[in-house]
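# Tertiary structure, described
Given next are the chains, with one letter for each unit.
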Amino acid sequence: MKRRVFYGIWAVVTLLQAALVAGGWVLARLAYWKAGVNHHVAFRKRQYNQLLFSGTPLLLLQIAAAVLAVILLVLLVRAIRRRGGFRAVLALESLAAAGMVLAYLTAPALKAVRIYPYAVLIASLILLLALLAQFLGSRVR
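Source: prediction; values computed, not measured. (Residues numbered from 1 in each chain as written. Predicted model: local features only at pLDDT ≥ 70, side-chain atom pairs only at ≥ 80, totals over all residues. Heavy atoms only, no water.)

### Considerations on the overall build of the protein
Along the protein, the regular secondary structure elements total 6 helices and 0 strands. In the protein, the order of α-helices and β-strands from amino to carboxyl end is α-α-α-α-α-α. C-alpha extents for the protein along the principal axes are approximately 50 × 30 × 20 Å. In the protein, buried positions account for 30% of the 141 residues. Considering only contacts in the protein between residues 6 or more positions apart, those separated by 24 or more positions represent 73%. On the protein, roughly 8800 Å² of surface is accessible, and the fraction owed to carbon and sulfur atoms is 72%. (Helix = DSSP H or I, 4+ residues; strand = E, 2+ residues; numbered from the N terminus. Buried < 20%, exposed > 50% of the residue type's maximum accessible area, 1.4 Å probe, protein only. Contact = heavy atoms within 4.5 Å. Areas by Shrake-Rupley, 256 points an atom, 1.4 Å probe, with all protein chains shown as cover.)

Dropping the structure here:
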């Protein structure tokens, strides 16, 4: 893949990540202002807390996020040792996104947030986009 094409794709991925963060911020604001949004968010939070964010499913998600964070840490160290420059930045971005997902899955204070399931979804999508950018960045000549 050519550098210019990759930089264009990376810019689009970064804009998508920023849009996800902005969407989460808007949802958090609406969850406190609008009654219908508040009821929907509260219902989904109860539903997802029972289904995904308790017991064994939560433990499996935490283990998967921790293993992914360790793998990304190894890739970051490898990119730094090879003087990767931009590849190190991509690895750092992916590691930060994995840390964000791990923090949302483990920190009790973040579980108290009203939009918790949506925040975990947004963090996971940001992580997937960062991994996509890192994968495409490794293919640049």
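Moving on from the model shown.
### Quick look at the packing of helix 3 (residues 56-81) against helix 4 (residues 86-106)
In contact at an axis separation of 9 Å, helix 3 and helix 4 are set at 160° when each is read in the N-to-C sense. In terms of orientation, helix 3 and helix 4 fall into the roughly antiparallel class. Viewed along their axes, helix 3 and helix 4 form a crossing whose handedness is left-handed. For the pair formed by helix 3 and helix 4, the contact residues are Leu58, Leu61, Gln62, Ala65, Ala66, Ala69, Leu72, Leu73, Leu75, Leu76, Ala79 and Ile80 on the first element and Arg87, Ala88, Ala91, Leu92, Ser94, Leu95, Ala98, Val101, Leu102, Leu105 and Thr106 on the second. Residues belonging to the contact of helix 3 with helix 4 are distributed by class as follows: 19 nonpolar, 3 polar and 1 charged. (Axes fitted to C-alpha atoms, helices over the stretch in contact; angles between N-to-C directions. Parallel < 35°, antiparallel > 145°, perpendicular 65-115°, else oblique. Left-handed = near helix turned anticlockwise from the far one by under 90°. Nonpolar A, V, L, I, M, F, W, Y, C, P; charged D, E, K, R; others polar.)

### Regarding a positive patch on the surface
Together, Arg3, Arg78, Arg82 and Arg87 make up a region of like positive charge exposed at the surface. For arginine 82, a relative accessible area of 60% corresponds to the exposed category. (Patch = residues over 30% accessible without salt bridge, like charges linked within 9 Å, V, L, I, M, F, W, Y side chains within 5 Å. Salt bridge = Lys/Arg side-chain N within 4 Å of Asp/Glu carboxyl O. Lys, Arg positive; Asp, Glu negative; His and termini not counted. Charge placed at Lys NZ, Arg CZ, Asp CG, Glu CD.)

### Here's the deal with the nonpolar core
Phe53, Val101, Tyr104, Leu105, Tyr116, Val120 and Leu127 are the most contacted members of the largest nonpolar core, which has 23 residues in total. Of all the elements in the fold, those that place two or more residues in this core are helix 3, helix 4 and helix 6 (116-137). In contact with tyrosine 116, other than residues within four places in its own chain, are Lys45, Asn49, Phe53, Tyr104, Leu105, Leu110 and Lys111. By size, the runner-up hydrophobic cluster in this structure holds 7 residues, among which are Phe6, Val13, Leu136 and Val140. (Core = buried A, V, L, I, M, F, W, Y, C linked by side-chain atoms within 4.5 Å.)

Honestly, it's all geometry; don't read function into it.
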